Amino acid sequence: MLFNLRTNTGLLYDEPMLTREIIQQVPKVELHDHLDGGLRITTIIELAEEHGISLPSDDEQELKAWFVRGCKQKSLSLYLKTFSVTTSVMQTASALERVAFEAVEDLAKENVCYAEIRFAPNLHLEKGLAPEEAVQAVLDGLQRGKKETGMPTGLILCAMRNQSPALSLATAELAVAFCDRGVVGFDLAGDESGHPPKKHLQAFQYIRNKNFNITIHAGEAFGVESIWQAVQLCGAHRIGHGTRLIEDMSLEGPHVEEIGSLANFIRDRRIPMEVCLTSNVGTGVATDYAHHPFPIFFRNQFRVFLCTDNRLMSDTTLTREMEVAVEYFNLTLRDLEKITINAMKSAFIHHDQKLDIIYTVIKKGYQAIRKEYGILD
């Protein structure tokens, strides 16, 4: 079956349809995946039973429906409510290690060749774990996953916007303390409204003084001001979501008429944006896939790539995110390769490690798929 796709240069050509089978096989890079947003349903049920925790339902299908209802109903409050359940079963070292290991297994099955997984240590201390113990447990799980699958990972530690700046600083210090043991960056997560990143400047300054890596959730529930603070005040090296940067651009239909100073700064400096299509639609940041600004960013040469955010709550996978991009935005195999390389270039690992994965895994993998399926793009 053949269909026409339009390239970035406007030329038309025919190529085999990018089916789920093909997309499943392509190398992928995941840089925005919350540990407490990607648990297996069976694992939640088993851990809840083990620790005597009550769940909304013990039936797998009913519990899955409960977790994804916020995304289906475009309710941010329902979406966020479910995290209290996942974190409740992640309060021991063994549980954290298991969940981290299974995350690597699940991502590797999708041919993810590198992943950065994030979590907030302070949300996992209710049964007496020290923050250091929580971090080590997750790192142990990621390392076991690498031994099992061969997939390398990095861990990002999150501070929470609604918590005190002192806790954010402590998390930043913890991230740096584990920088030689698998922690690769620091993040600020949580509801943007009423919780600007500038309140946590001391934590960000500590990270910057230590030559470490920063990504900040911005431009999701709040507008351009949140992105400006993240970049210009807090020194973000990557932006989590960044969806509302479109508000700094003037559009005439799908065409960009003018790009504002902040958007130009982000594009010119190649500041990466971790785009989460299904999550953004599910929480109401974008009205639907067709109106998500991703293709505008991508076609105008912003450094964007696709991520899952919360695989459980958004009922998605990285394969599914790529399928959506192909279906709604006419992305070609060459486009998927470009956003995968964008992601790898943006990873919080050393330059030589990035190049090794790009040339020995990503480029070779995409070339093999072109050859197998006769794709001449």
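Residues numbered from 1 in each chain as written. Predicted model: local features only at pLDDT ≥ 70, side-chain atom pairs only at ≥ 80, totals over all residues. Heavy atoms only, no water.

Description of the side chain of Asp-187
To keep it simple, the criterion reads: In this description a helix means any DSSP run of H or I spanning at least four residues, a strand means any run of E spanning at least two, and both kinds are numbered starting from the N terminus. Each residue gets one of three labels from its accessible area relative to the maximum for its type: buried under 20%, exposed over 50%, partly exposed in between, using a 1.4 Å probe on protein chains only. A 3.5 Å cut-off defines polar contacts: any pair of N or O atoms within that distance qualifies, except that in protein one atom must be a possible hydrogen donor and the other a possible acceptor, and neighbouring residues in sequence count only when both atoms are side-chain atoms.
Turning to its location among the elements, Asp-187 is positioned in strand 6 (residues 183–189). For Asp-187, a relative accessible area of 0% puts it in the buried group. Within the structure, Asp-187 has its side chain in polar contact with the side chain of His-217 (distance 3.1 Å).

Concerning the packing of helix 2 (residues 41–51) against helix 6 (residues 93–108)
Working note: a packed helix pair is described by the angle between its axes plus the distance between those axes. Spelled out, the test is: A fitted line through C-alpha atoms serves as each axis, taken over the contacting stretch for helices, and the angle formed by two N-to-C directions is quoted from 0 to 180°. If an angle is under 35 degrees, it is roughly parallel; if it is over 145, roughly antiparallel; if it lies from 65 to 115, roughly perpendicular; otherwise it is oblique. Any pair of residues with heavy atoms lying within 4.5 Å of one another is described as a contacting pair. Under this grouping Gly is polar, as are all residues other than the nonpolar Ala, Val, Leu, Ile, Met, Phe, Trp, Tyr, Cys and Pro and the charged Asp, Glu, Lys and Arg.
Running from amino to carboxyl end, helix 2 crosses helix 6 at an angle of 170 degrees, the nearest separation of the two axes being 11 Å. Overall, the two elements helix 2 and helix 6 adopt an arrangement that is roughly antiparallel. Seen from helix 2, the contacting residues are Thr-43, Glu-46 and Leu-47; seen from helix 6, they are Ala-95, Arg-98, Val-99 and Glu-102. When grouped by side-chain class, the residues that make up the contact of helix 2 with helix 6 number three nonpolar, one polar and three charged.

Brief notes about the environment of Leu-169
Note on placement: Leu-169 falls in helix 8 (residues 165–177). Not counting the four nearest positions on each side in its chain, Leu-169 is found in contact with Gln-202, Ala-203 and Tyr-206.

Section: the packing of aromatic side chains
What counts here: Pairing of aromatic rings covers Phe, Tyr and Trp, the last counted by its six-membered ring, and requires centre-to-centre distances within 6.5 Å; plane angles under 30 degrees mean stacked, over 60 mean edge-to-face, and any other angle means tilted. Placement of a positive charge over a ring is assigned whenever Lys NZ or Arg CZ falls within 6 Å of the ring centre and within 35 degrees of the normal to the ring plane.
Counted according to the given criterion, the structure contains seven aromatic pairs. Each ring, one from Phe-294 and one from Phe-298, has its centre 5.8 Å from the other, and the planes form 10 degrees; the classification is stacked. One end of the pair is Phe-294 and the other is Phe-298, both in helix 13 (residues 294–299) and four residues apart, which spans about a single turn. Both residues of the pair, Phe-294 and Phe-298, count as buried. Over the ring of Phe-302 we find Arg-267; its NZ or CZ atom is 5.7 Å from the centre of that ring. In this structure, Lys-338 packs its charged tip against the face of Phe-298, placed 5.4 Å from the ring centre.

Considerations on helix 9 (residues 201–209)
How we decide: Starting at the helix axis, one direction is taken to each C-beta atom, and the arc is that of these directions.
Inspection of helix 9 places Ala-203, Phe-204 and Ile-207 among the buried residues, and these make up the whole buried set. The buried residues of helix 9 occupy one face: seen down the axis, they fall within an arc of 95 degrees. Seen from the buried face of helix 9, the exposed residues on the opposite side, beyond 90 degrees, are Gln-202 and Asn-209. Those residues of helix 9 that are buried are in contact with helix 8, strand 6 and strand 7 (214–218).

Let's talk about the confidence of the model for the protein chain
Just so we agree on the cut-off: As a per-residue measure, pLDDT tells how confident the predictor is, with possible values from 0 to 100.
With 95% of its residues at a pLDDT of at least 70, the protein chain reaches an overall mean of 93. Low pLDDT (under 50) marks residues 1–14, which in the prediction has 27 contacts with non-local residues, meaning those over four places away or in another chain.

Focus: the pattern of salt bridges
Formally: Here, a salt bridge means any Lys or Arg side-chain nitrogen found within 4 Å of an Asp or Glu carboxyl oxygen.
By the definition in use, this model includes 18 salt bridges. Glu-102 serves as the salt-bridge partner of Arg-40, at 3.7 Å between the closest nitrogen and oxygen. Here the residue Arg-40 occupies a position in the loop between strand 3 (28–34) and helix 2, and Glu-102 occupies one in helix 6, the gap between them amounting to 62 residues. Given the relative accessible area of 24%, Arg-40 is considered partly exposed.

Notes on a negative patch on the surface
The following threshold applies: To count toward a patch, a residue needs a relative accessible area over 30% and no salt bridge; like charges are then connected within 9 Å, while nonpolar side chains (Val, Leu, Ile, Met, Phe, Trp, Tyr) are connected within 5 Å. Under the convention used here, a 1.4 Å probe and the Shrake-Rupley method define accessible areas, while residue burial counts only the protein chains that appear. For the purpose of counting charges, residues Lys and Arg are taken to be positive, whereas Asp and Glu are taken to be negative. His and the chain ends are not included. Where a charge sits is defined by one atom per residue type, namely NZ (Lys), CZ (Arg), CG (Asp) or CD (Glu).
Taken together, the side chains of Glu-49, Glu-50, Asp-58, Asp-59, Glu-60 and Glu-62 make up a negatively charged region of the molecular surface. Contributions of two or more residues to the negative patch are made by helix 2 and helix 3 (60–73). If you trace the backbone, Asp-59 turns up in the loop between helix 2 and helix 3. For Asp-59, a relative accessible area of 37% gives the class partly exposed.

Considerations on the sheet that holds strand 5 (residues 153–160)
The line we're drawing: By definition, two strands form a pair when at least two bridges between them are found by DSSP.
With parallel pairing, eight strands are arranged side by side in an open sheet as 3-4-5-6-7-8-11-12. Looking at strand neighbours, the two that pair on one side only are strand 3 and strand 12 (304–306), the edges of this open sheet. Across the sheet, the mean angle separating the axes of adjacent strands is 25 degrees when strand polarity is ignored. Where strand 8 (residues 238–241) and strand 11 (residues 273–275) come together, two bridges link them in parallel fashion. Bridging across to strand 11, Gly-240 finds its partner in Glu-274. Contacts from helix 6 reach strand 3, strand 4 (112–119) and strand 5, with the element oriented near 145 degrees to strand 4.

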